[in-house]
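Survey of secondary and tertiary structure
One-letter residues, chain by chain:
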Amino acid sequence: MAPSSYNYTSPQDMWYFLIGIPGLEDVHTWISIPICVMYIVALAGNLFLIFLIVTEQHLHEPMYLFLSMLALADVLLATSTAPKMLAIFWFHSTNISFGSCVSQMFFIHFIFVAESAILLAMAFDRYVAICYPLRYTAILTSSAIGKIGIAAVVRSFIVCFPFVFLVHRLSYCGRNIIPHSYCEHMGIARLACDNININVIYVLTVALLSTGLDIMLIIMSYTMILCTVFQIPSWTARFKALSTCGSHSWTARFKALSTCGSHICVILMFYAPAFFSFIAHRFGGKTIPHHIHILVANLYVVVPPMLNPIIYGVRTKQIQDRVILFFSPISICR
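Per chain, residue numbering runs from 1 following the sequence as it is written. Only residues with pLDDT of at least 70 get local features here, since the model is predicted, and only at 80 or more are side-chain atom pairs given and counted; chain-wide, interface and lining totals rely on the full set of residues. Side-chain numbers come from the whole structure's heavy atoms, not from hydrogens or water.

- The chain appears in an unreviewed UniProt entry as Olfactory receptor from Bos mutus grunniens.
- UniProt positions are given in the numbering used here, feature names are shortened, and annotations may be inferred rather than shown by experiment. Note on the chain: under the UniProt heading Sequence similarities (unreviewed entry), the record states "Belongs to the G-protein coupled receptor 1 family."

**Regarding the overall build of the chain**
- What the chain contains, in helices and strands, is 15 helices and three strands.
- Relative accessibility thresholds used throughout: buried, under 20% of the residue-type maximum; exposed, over 50%; partly exposed, between the two (1.4 Å probe, protein chains only). Counting all 334 residues of the chain, 47% fall into the buried class.
- Total accessible area on the chain is roughly 16,900 Å²; 72% of this is exposed by carbon and sulfur atoms. Labels follow the DSSP assignment, with helices taken as runs of H or I lasting at least four residues and strands as runs of E lasting at least two, numbered in each case from the N terminus. Note on areas: these come from Shrake-Rupley sampling with a 1.4 Å probe, and a residue is covered only by the protein chains present in the view.

**Describing the pairing of strand β1 (residues 15-18)**
- A one-sided burial pattern is seen for β1, the buried positions being Y16 and L18 and the unburied ones W15 and F17.
- For two strands to be treated as a pair, DSSP must find at least two bridges joining them. Where β1 lies against strand β2 (residues 95-97), three bridges are found, and the strand directions are antiparallel. Bridge pairing in β2 links F17 to N95.
- In this structure, β1 lies alongside strand β3 (residues 177-178), joined through two bridges in parallel fashion. Residue pairing in the sheet places F17 in a bridge with I177 of β3.

**Some remarks on the packing of helix α2 (residues 62-79) against helix α6 (residues 142-168)**
- Two elements in contact, α2 and α6, have axes whose closest approach is 11 Å; the angle formed by their N-to-C orientations is 25°. In this view, α2 runs roughly parallel relative to α6, as classed from their interaxial angle. The way α2 lies across α6 gives a crossing that is right-handed. Judged by residue contacts, P62, L65, F66 and M69 of α2 engage I145, I148 and G149 from α6.
- Residue polarity follows a fixed list, in which Ala, Val, Leu, Ile, Met, Phe, Trp, Tyr, Cys and Pro are nonpolar, Asp, Glu, Lys and Arg are charged, and the others, Gly among them, are polar. Looking at the contact of α2 with α6, its residues break down into six nonpolar, one polar and no charged. A fitted line through C-alpha atoms serves as each axis, taken over the contacting stretch for helices, and the angle formed by two N-to-C directions is quoted from 0 to 180°. Oblique is the label for any angle not covered by the other classes, which are roughly parallel (under 35 degrees), roughly antiparallel (over 145) and roughly perpendicular (65 to 115). Crossings are classed by handedness, with left-handed meaning an anticlockwise turn of the near helix from the far one by less than a right angle and right-handed meaning a clockwise turn. The contact criterion used is simple: two residues touch if any of their non-hydrogen atoms lie within 4.5 Å.

**Observations concerning the state of the cysteines**
- Note that a disulfide, as used here, is simply two cysteine sulfur atoms within 2.5 Å. For the structure shown, the criterion picks out two disulfides.
- Note that C101 is cross-linked by a disulfide to C183, the S-S spacing being 1.9 Å. Sign of the S-S torsion, about -110° for the bond between C101 and C183, identifies this disulfide as left-handed. Note that C101 is positioned in helix α4 (residues 98-131) and C183 in the loop between β3 and α7 (185-189), a separation of 82 residues in sequence.

**Topic: a nonpolar patch on the surface**
- On the surface, V27, W30, I33, V37, V41, I310 and V314 cluster together into a nonpolar patch covering about 640 Å² of accessible area.
- Among the elements of the structure, α1 (28-55) and α13 (303-315) are those that each provide at least two residues to the nonpolar patch.
- Here the element with the most residues in the nonpolar patch is α1; it accounts for four residues.
- Checked against the element boundaries, I310 lands in helix α13.
- We classify I310 as partly exposed; its relative accessible area is 42%. The patch calculation keeps residues exceeding 30% relative accessible area without a salt bridge and links them within 9 Å when they carry like charges or within 5 Å when they are nonpolar (Val, Leu, Ile, Met, Phe, Trp, Tyr). Salt bridge, as applied in this entry: a Lys or Arg side-chain nitrogen positioned within 4 Å of an Asp or Glu carboxyl oxygen.

**Some words on the environment of L86**
- Residue position: L86 is located in helix α3 (residues 82-91).
- For the pair formed by L86 and I31, sequence separation is 55 residues and the distance between their alpha carbons is 9.4 Å.
- In contact with L86, other than residues within four places in its own chain, are S32, I35, C36 and F91.

**Side note on the pattern of salt bridges**
- Per the counting criterion, the structure on display carries three salt bridges.
- In this structure, D125 engages R126 in a salt bridge whose closest nitrogen and oxygen atoms are separated by 2.6 Å. Assigned by exposure class, D125 and R126 land together as buried.

**Re the environment of F112**
- As for its placement among the helices and strands, F112 is situated in helix α4.
- Residue F112 is classed as buried on the basis of its relative accessible area, which comes to 17%.
- Put simply, F112 and L76 are 36 residues apart on the chain and 10.0 Å apart in space, counted from C-alpha to C-alpha.
- Filtering out sequence-adjacent residues up to four positions away, F112 remains in contact with T211, F270, A274 and Y300.

Encoded structure:
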């Protein structure tokens, strides 16, 4: 059929239908139960973590301020997707306007890129804390932390705002079924009648130059951290160092090193599902069932936000102590 014979539709007049998880429509109600529970836990855990960090003066340290940024990003990511997913699963509310779909697409990609930058900032925080413990507070001042947070937001906006123009520039022919539970850039672009090579190239460029660069810098940070750890003397020399004027340096290093496990777990939970989705989307179309790809994408927006505050709460003693104090008024009075 010649392009001129297509019945083009104005994007502003388009309504899309999100069908949820293709092939699993009969079990949508059962799938919604764990997703709803995880969403509620993610909201409660992250909001409580933000409240704890904001109200507790002892937690006004760079690591915890970055953690509060991560918790806020998790709340926004889960909230931008989970309510619509649950509406589809429970009430079959599959329709969504073009404008709402594009808005959801923008916020999902915006929050993802911003959260990647926050994880990079947290890796830099651990690098400074372990490699330059005596200069830690001088390097990561409140002003520097604020600038890092603003830079993460500005970079994410600059990178993701072109997605809006890229889908608006396309011509649509009436196809309006998206085999997904939420709107994302390529899902919208594939409904167009035009050539979408520019969209594909831009997605790959963003993945390489933003998220890919963040991953490389995180790996570099932890490589330098490991190099510093391997330079730590034997246990005998270590105890001798603790009794000398360098004791604050070594103590700070061990304290900082103990928090790296939590950060590594969060990094793996954030990037591993995203990497799986990217590989499945680009190369595994025939080998990986489509419903598995969509199911992983659905879990990705609720599982890491749910687990992040739990991981930091379990593995970070300072947060554990503050949680115990918060829920133990008797011990506070004492």
